[in-house]
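Working through the structure, step by step
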Amino acid sequence: MPIAIGLEGSANKLGVGIILHPASTPPSPHDSVHSSSSAHTKPTSPPVHILSNIRHTFVSPPGTGFLPKDTAAHHRRWVVRLVKQAMKQANVRIEDIDCVCFTKGPGMGAPLNAVAIAARTIAQLWDLPLIGVNHCVGHIEMGRAITGADNPVVLYVSGGNTQVIAYSAQRYRIFGEALDIAVGNCLDRFARVLNISNDPAPGYNIEQLAKNGKCLLELPYAVKGMDVSFSGILARVEEMGRKLPQPDAPEPAEPWVDPDTGDAITSADLCFTLQETVFAMLVEITERAMAHVGASQVLIVGGVGCNERLQDMMGLMARERGGSVYATDERFCIDNGIMIAHAGLLAWGKGFKTPLEDSGTTQRFRTDEVLIDWRD
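The present account deals with the structure reproduced in this document.

Cut-offs applied
Residues numbered from 1 in each chain as written. Predicted model: local features only at pLDDT ≥ 70, side-chain atom pairs only at ≥ 80, totals over all residues. Heavy atoms only, no water. 1 Å grid on protein atoms, 1.4 Å probe; cavity = no way out; pocket = protein on both sides within 12 Å on 5 of 7 lines; lining within 4 Å. Points joined across faces, edges and corners; volume = space filled by probe spheres on them. Helix = DSSP H or I, 4+ residues; strand = E, 2+ residues; numbered from the N terminus. Nonpolar A, V, L, I, M, F, W, Y, C, P; charged D, E, K, R; others polar. Salt bridge = Lys/Arg side-chain N within 4 Å of Asp/Glu carboxyl O. Buried < 20%, exposed > 50% of the residue type's maximum accessible area, 1.4 Å probe, protein only. Pairing = 2+ DSSP bridges. Axes fitted to C-alpha atoms, helices over the stretch in contact; angles between N-to-C directions. Contact = heavy atoms within 4.5 Å. Polar contact = N/O pair within 3.5 Å; in protein donor to acceptor, adjacent residues only side chain to side chain. Expected span 1.5 Å × (residues − 1).

Some remarks on empty space enclosed by the protein
Scanning the model with the defined rule gives one cavity of 30 Å³ or more in all. Surrounding the largest cavity, His139, Met142, Gly143, Ile300, Val301, Gly302, Thr328, Phe332 and Cys333 form its lining. Sorting the residues of the lining of the largest cavity by element identifies α3 (135-147), β11 (297-301) and α9 (330-333) as the ones contributing at least two each. When residues of the lining of the largest cavity are assigned to their parent elements, the largest contribution, three residues, is made by α3. Per-class residue counts for the lining of the largest cavity are five nonpolar, four polar and no charged.

Digging into the pattern of salt bridges
Evaluation of the coordinates by the stated rule reveals 10 salt bridges. As a salt-bridge pair, Glu177 and Arg366 come within 2.8 Å of each other at their nearest N and O atoms. On the criterion of sequence distance, the pair formed by Glu177 in strand β8 (residues 171-177) and Arg366 in the segment after α10 (337-349) is long-range, its members being 189 residues apart. For the salt bridge of Asp368 with Arg366, the shortest nitrogen-to-oxygen distance reads 3.9 Å. A residue is classified by how much of its surface remains accessible, and Asp368, at 27% relative accessible area, is partly exposed. On the accessibility criterion, Arg366 (33% relative accessible area) is partly exposed. Members of the salt-bridge network, linked through shared partners, are Glu177, Arg366 and Asp368.

Observations concerning the sheet that holds strand β6 (residues 153-157)
The five strands lie next to each other as β8-β7-β6-β11-β12, forming an open sheet whose pairing is mixed. The outermost strands of the open sheet, each flanked by one partner alone, are β8 and β12 (324-327). Across this sheet, the average inter-strand angle for adjacent strands is 25°, counted without regard to direction. Pairing analysis gives four bridges linking β6 to strand β7 (residues 162-168), with the strands arranged antiparallel. Bridged to Val154 within β7 is Ile165.

Observations concerning the sheet that holds strand β4 (residues 99-105)
Across the sheet, which stays open at both edges, the five strands sit in the order β3-β2-β1-β4-β5 with mixed pairing between neighbours. The strands lining the two open edges of the sheet, one partner per strand, are β3 (49-57) and β5 (130-134). Neighbour-to-neighbour, the strand axes of this sheet turn through a mean angle of 20°, independent of strand direction. Across six bridges, strand β1 (residues 3-8) lies against strand β2 (residues 13-20) in antiparallel orientation.

As for the environment of Arg375
Residue position: Arg375 is located in the segment after α10. You can call Arg375 buried: its relative accessible area is 12%. With 287 residues separating them along the chain, Arg375 and Lys88 place their C-alpha atoms 32 Å apart. The residues touching Arg375, leaving out its near neighbours within four places in the chain, are Glu141, Arg144, Asp150, Asn151, Tyr167, Gln170 and Tyr172. Polar contacts involving the side chain of Arg375 include one to the side chain of Asn151, which spans 3.1 Å.

Observations regarding α3
The terminal C-alpha atoms of α3, which comprises 13 residues, lie 18 Å apart, in line with the 18 Å expected from a rise of 1.5 Å per residue. Among the 13 residues in α3, 13 count as buried, and that is most of the element. A side-chain oxygen of the first residue of α3 lies 2.8 Å from the backbone nitrogen of Cys136; this N-cap is Asn134. Looking one or two residues past α3, Gly148 carries a phi angle of roughly 80°, positive in sign.

Structure representation (C-alpha cells):
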C-alpha cells in the first residue's frame, strides 16, 4: 500500500499532506464524500486514505495582496514544521514513505521555488523518488477522489486559474478559460478596494458580505464563446467601489442611492453584484461544455469552489439538465498538500519520476500538458 507525502506552495497557502492508496479495498469509513444531495456518492476513482492534511496561510494586511518574496519567506519559515507535524499526525516513519511529491507549477515563482527546494532536500535526505505535479491536475484528482464523481465536466476556479475542463484520451482538455485574470484574482483585488480583511481569505469575506446585498447593479458581462474575461468587470466594480463613502475622506461624499428604491448602495450590494455577474458567466460556459460532451455531472474545484453561492447557481443549472454537482469543502477546495500527494502517487504508480535535474518549477504549466495515464 503506497504512501506519498505532498508539498504545495504555489501561492499563499503552504500545505503538507500524507496519503495512502490501498491496494484494492472498499472506501475507508474515514474518507469524506462531499456533493450535492442529487449526486451519487460511490467513488469511481481509487479509494484513498488521508493520513494528514496540514496547511498554513500567509495573510497580508487588509487592502494589500501577497508579494512573492514575502510569501516565499513564509513558506521557508514554516515548511519544516509542517512536515514534522504531518508525519506525526499520520503516524508514519520515513521508511513508510514511497515518494515525495511537490507542485511543479503553475503558480507564483518564488513560493514555488521555496517549496520545490524543500521537496528536493527531503527526497535526497530520505533517498526517495521525486514527483513533480501539475497544480491543476492535483485539484481535479483530489476532487474526483473525495466526491466520487465519475467523468464530470470540471470547473476549476481559483486565484490564479479559471478553466472549464473535460477528460478525453488521457488528457484533461480545456474547453474554455479566462482570457485575462482569474475569477479569484478578480474577487481578491476588489476586496483590496473595499479594504476587506484577508483573514481567512478575501474571497470568503466577500461571500459573507454578499449575503447581505439586496441591490443588483449593472456590470459588464463578458462571455466570449467558451472563454470569459474579468478585467473589464473588475475595472468597473472598482470604479463603483470608490463611489462609496470613504471613512478617511475630508468631506462626506454625497450618498449613492438606488434610483428605484431610494436605498443607499452599500459594499454588500457591490459584493453581491460582482458575485452574481461573474458566477452567471461561469455557469453559462460550464453548461455549454456539458452540452458539448454530453455530461451530466459538474465537479467544482479550486479555492473559489468553496463559495456556496456558486455551488447553488451551478446546482440549479445542473438539476434543470437532470444532472448533479459535486464540490468539496475548504479542506480540499483550497490549495493543500494532500492533493499534490494524491496526484503524485497516481503518477508514481505508473512509473513516473522527476529527475533531479528536471525538478525546477514553472509558472506556466498547462492542465492539458499532463499525460493522465492512470485513467482509461
